[in-house]
Amino acid sequence: MTTRNDIAGQWREHASDAVLLDGFHALKHALRFGADVPLAVATDKKAMFSLAADLAEDLTAALATSVIEVPAAVLRELVPRIHPTGVAALAVRPSERGNRERLSRLPRTAPVVVLDNPRNLGNVGAVVRLAAGFGATGVVTTGDLDPWHSNAVRAGAGLHYATAVERLEQSQGRTELPPGPLFALDPEGEDIRGLAIPDDALIVFGSERHGISAELRGRADRLVALPMRPLVSSYNLATSVAMTLFRWDSQNWDA
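Right, let's walk through the structure included here. Predicted, not measured: the structure shown is a model, and the values here were computed from it.

1. Concerning the nonpolar core
Across soluble globular proteins, nonpolar side chains have a tendency to be buried as a group. The biggest cluster of nonpolar side chains holds 50 residues, and the ones touching the most others in it are Leu21, Leu27 and Leu115. Setting aside residues no more than four positions away along its own chain, Leu27 makes contact with Leu21, Val37, Ala40, Leu63, Val67, Val87 and Ala89. One finds Val114, Leu177, Ala184 and Leu216 within the second-largest nonpolar core, a separate group that totals 14 residues.

As structure tokens, this is what we get:
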């Protein structure tokens, strides 16, 4: 029989270098895309299986053997706050080397999204979720925000495992980007509705307040603008990414 101390000990053993999957949906997506999940717990396995029956019937067998039921008091000791689904898990972070190889491999069949110095972890997670949905090759960030922070993974609903997510390094003031033509979103750019975005593009998005950095703007092969009504200053970051990826994806509908 697994005791409360056993669960707490196992959690502490893995937590320092693991990714927190907060809630059923994060666990569901991570498992679907091959995450290694050494420990998963739920306060009510019956309720979890009810969710699985409706939303993830393909995972019921895996969940039955991998999820341990624990009292809410135990889960409260393990996580900052209990998710409404009463589910939490720890997963192994994908290999950074593997992700970087995937991002650098040519030819690519889908763009890489570049978030230039993002400031909001929730926005980063929302962008990862969008990138996964559109089948983008990956999402990379510049700046000091960790795209694998638990808040970003929560906002991404575990879909960090469905695409390559990494933070880029700088060398001598120059960002080390994957290869590919650079399309940077900028109000002074060409209207996106008249452009074709190649599959191997790097699509760069800045923050709502500051836009893209001078470095990446200067390196851009094309500056691209989204249609926007006069007097409206900007779109939310995730909205901008969604509009751009939709434009890229729709190019192939009639091909």
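So, next bit.
2. What to know about the environment of Ser16
Residue position: Ser16 is located in the loop between helix H1 (4-15) and strand E1 (18-22). Residue Ser16 is classed as exposed on the basis of its relative accessible area, which comes to 72%. In this structure the C-alpha to C-alpha distance between Ser16 and Leu90, which are 74 residues apart in sequence, comes to 10.0 Å.

3. Brief notes about the pairing of strand E11 (residues 202-205)
Looking along a regular strand, one sees side chains alternate from face to face of the sheet. The alternating pattern of E11 places Leu202 and Val204 on one face and Ile203 and Phe205 on the opposite face, and all of these are buried. Looking at chain direction, strand E5 (residues 112-115) and E11 are connected through 4 bridges and run parallel. Among the inter-strand pairings, Leu115 is bridged to a residue of E11, identified as Phe205. Bridge count for strand E10 (residues 182-191) against E11 is 3 bridges, and the pairing is parallel. Residue pairing for E11: Phe183 is matched across the bridge by Ile203.

4. Details of the pattern of salt bridges
Considering all chains together, one arrives at 12 salt bridges under this definition. A salt bridge links Glu190 to Arg222, with the shortest nitrogen-to-oxygen separation between them at 2.8 Å. Of this pair, Glu190 sits in strand E10 while Arg222 sits in strand E12 (residues 222-225), and the two are 32 residues apart along the sequence. Accessibility expressed as a relative area gives 38% for Glu190, which makes it partly exposed. We note a salt bridge from Asp191 to Arg193, for which the minimum N-O separation is 2.7 Å. A residue is classified by how much of its surface remains accessible, and Asp191, at 33% relative accessible area, is partly exposed. By relative accessible area, which is 55% here, Arg193 ends up exposed. Each member of the salt-bridge network shares a partner with another, and the members are Arg93, Asp146 and Glu166.

5. What to know about the side chain of Arg108
Tracing the sequence through the fold places Arg108 in the loop between helix H6 (96-104) and E5. One buried charged residue, Arg108, forms no salt bridge at all, with the nearest opposite charge on Asp200 at 5.7 Å. A polar side-chain atom of Arg108 sits 2.6 Å from the main-chain carbonyl oxygen of Asp200. Those residues in contact with Arg108 that lie beyond four places of it in its chain are Leu103, Thr137, Pro178, Pro179, Gly180, Asp199, Asp200, Ala201 and Leu202.

6. What about the sheet that holds E12?
The strands making up a sheet are joined through hydrogen bonds of the backbone, oriented either antiparallel or parallel. With parallel pairing, 6 strands are arranged side by side in an open sheet as E7-E6-E5-E11-E10-E12. Edge positions in the sheet fall to strand E7 (164-167) and E12, since each of these pairs with one other strand and no more. The sheet shows a mean angle of 30° between the axes of neighbouring strands, direction not considered. Sheet strands touched by H6: E5, strand E6 (138-141) and E7. Its angle to E7, the strand with the most contacts, is close to 105°.

7. Regarding the sheet that holds strand E4 (residues 87-92)
Here 4 strands make up an open sheet; going across it, the order is E1-E4-E2-E3 and the pairing mixed. Two strands bound the open sheet, and with one partner strand each, they are E1 and strand E3 (67-69). On average, adjacent strands in this sheet sit at an angle of 25° to one another, irrespective of strand direction. In this sheet, E3 lies alongside strand E2 (residues 39-42) in parallel orientation, the contact comprising 3 bridges. Counterpart to Val41 in the pairing with E3 is Ile68. Contacts between helix H2 (residues 24-32) and the sheet are confined to E1, E2, E3 and E4, with E1 contributing the most and set at about 125° to the helix. Across the sheet, helix H3 (residues 45-55) touches E2, E3 and E4, and the angle it forms with E3 is around 140°.

Rules and cut-offs
Residues numbered from 1 in each chain as written. Predicted model: local features only at pLDDT ≥ 70, side-chain atom pairs only at ≥ 80, totals over all residues. Heavy atoms only, no water. Core = buried A, V, L, I, M, F, W, Y, C linked by side-chain atoms within 4.5 Å. Buried < 20%, exposed > 50% of the residue type's maximum accessible area, 1.4 Å probe, protein only. Contact = heavy atoms within 4.5 Å. Helix = DSSP H or I, 4+ residues; strand = E, 2+ residues; numbered from the N terminus. Pairing = 2+ DSSP bridges. Salt bridge = Lys/Arg side-chain N within 4 Å of Asp/Glu carboxyl O. Lys, Arg positive; Asp, Glu negative; His and termini not counted. Polar contact = N/O pair within 3.5 Å; in protein donor to acceptor, adjacent residues only side chain to side chain. Axes fitted to C-alpha atoms, helices over the stretch in contact; angles between N-to-C directions.

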